[in-house]
Amino acid sequence: MSTHTTPRARLTAVAAVTIASALTLAACGSDKADTTANADGSDAKKVSVTDATGKKVQVPADPKNVVALSEMDLDSSLALGVKPVGLTAGRGQKGAPEYLAGEAKGIPVVGAVTGPDIEKVLQAKPDVILAGQLADQQVLEQLSEIAPTVVTVDRTKSWKKALSLTGQVLGKENEAKDFLADYDKKTAELKKNLGGNAGATVSVARYSAKGTAVMQQGVFISDVLGDLGFKRPGIQNDKGQGHSTPLSDEDLKQIDADWLFVGTLASTGKDADLFGELKDKAAYQQLDAVKDGHVTEIDGSKWTSLGGANAAVSVLDDIEKAMAK
């Protein structure tokens with residue numbers, strides 16, 4: 001993610017005045033370090049959490065209005081039974097990632113992959129902000145003036161770490177532990193059900209107007225495939241420079257494997273229609289996975305984006321349908 005402040009992320013004069021007024025009222029309401037005033041005048045307890053950057057943040061013990069500024073934050077919140085009051089549009093999406101669209105229906109969009117819209121975040125009236133992997137210190141300071149802001153995604157981009165931290169922030173630590181235990185159980189069962197496909201090579205790619213991109217190490221889907229003990233072909237064993245690595249048609253052989261999972265960021269619209277272009281390419285038709293009928297079309301918003309807890313479980317289901325005997 002860019003570390004430059006986007007125009008949408010800058011405070012307007014109106015937003016700045018509103019934030020300043022809110023802070024003044026809060027300061028007049030209480031001088032206690034571990035409490036904050038509720039709308040009804042009562043005090044609410046706060047707890048201290050250490051975010052993904054190592055910063056300690058005081059958050060409400062039982063937050064009610066959560067803003068999720070990344071796909072993973074939205075996924076984690078929903079997995080823990082909390083519906084945010086604001087979300088950031090998913091990669092290549094106008095709203096929530098397609099696989100979360102049903103659960104996230106009605107949640108206002110307050111930002112994009114490029115950054116949050118400060119005024120819209122302010123309008124959501126959050127009591128805590130989940131800031132994903134946001135690294136722009138100026139924007140983080142602006143958000144912190146609105147509500148306690150927690151960076152939830154560290155450099156490893158581990159959905160498990162993010163879920164555990166989000167559980168602490170939302171007062172759902174037990175729910176996070178239960179979710180992870182269930183995931184481990186489901187992973188172990190799937191490995192048994194894979195039969196002769198256990199240990200197969202598995203490739204994951206995404207197709208868009210920019211062409212084909214392959215998912216290397218250091219991203220969500222590679223962590224899930226690693227949990228299942230799958231091998232990866234070629235450069236997919238190496239850590240990529242970014243979220244995905246573009247390939248030319250001449251290098252399309254790089255996505256070949258025993259099993260290939262490939263798709264676009266949307267199942268409808270122009271991006272989905274583009275997938276037909278890939279199928280028509282001679283280099284694609286020559287892939288062993290294609291010849292063997294071992295290609296599964298996937299939801300790229302789930303498999304090839306930032307991911308999360310619900311995405312991980314859903315990916316297990318997709319793999320079971322495709323590969324389990």
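Worth saying up front: this structure is predicted, and the values here are computed from it rather than measured.

Visitor: Teacher, can you tell me more about the nonpolar core here?
Guide: Proteins that are soluble and globular tend to have nonpolar side chains buried together. The biggest cluster of nonpolar side chains holds 55 residues, and the ones touching the most others in it are Trp159, Ile221 and Ile319. Sorting elements by how many residues they give to this core places helix 12 (residues 309–323) first, with 7 residues. Not counting the four nearest positions on each side in its chain, Trp159 is found in contact with Met72, Phe179, Leu180, Tyr183, Phe220, Val224, Gly308, Ala309 and Ala312.

Visitor: Which parts of the structure should I look at to understand the sheet that holds strand 10 (residues 202–208)?
Guide: Strand order across the open sheet formed by 5 strands is 12-11-10-13-14, with mixed pairing between neighbours. The outermost strands of the open sheet, each flanked by one partner alone, are strand 12 (245–247) and strand 14 (295–299). For this sheet, the mean angle separating the axes of adjacent strands, direction not counted, is 35°. Two strands pair when backbone bridges link them, and strand 10 and strand 13 (residues 259–264) are joined in this way by 5 bridges, in the parallel orientation. Note on strand 13: the bridge partner recorded for Ser203 is Leu260. Against the sheet, helix 12 contacts strand 10, strand 13 and strand 14, and its axis sits at roughly 130° relative to strand 13.

Visitor: I keep staring at helix 5 (residues 159–170) and nothing clicks. Help me out?
Guide: For an α-helix, 3.6 residues make a turn, and residues three or four places apart therefore share a direction. With 12 residues, helix 5 should reach 16 Å at 1.5 Å per residue; the first-to-last C-alpha distance of 16 Å fits that figure. Between a side-chain oxygen at the N-terminus of helix 5 and the backbone nitrogen of Lys160 the separation is 3.3 Å; the capping residue is Ser158. Taken from the residues just after helix 5, Gly171 is the one with a positive phi, measuring 70°.

Cut-offs applied
- Residues numbered from 1 in each chain as written.
- Predicted model: local features only at pLDDT ≥ 70, side-chain atom pairs only at ≥ 80, totals over all residues.
- Heavy atoms only, no water.
- Core = buried A, V, L, I, M, F, W, Y, C linked by side-chain atoms within 4.5 Å.
- Buried < 20%, exposed > 50% of the residue type's maximum accessible area, 1.4 Å probe, protein only.
- Helix = DSSP H or I, 4+ residues; strand = E, 2+ residues; numbered from the N terminus.
- Contact = heavy atoms within 4.5 Å.
- Pairing = 2+ DSSP bridges.
- Axes fitted to C-alpha atoms, helices over the stretch in contact; angles between N-to-C directions.
- Expected span 1.5 Å × (residues − 1).
- Polar contact = N/O pair within 3.5 Å; in protein donor to acceptor, adjacent residues only side chain to side chain.

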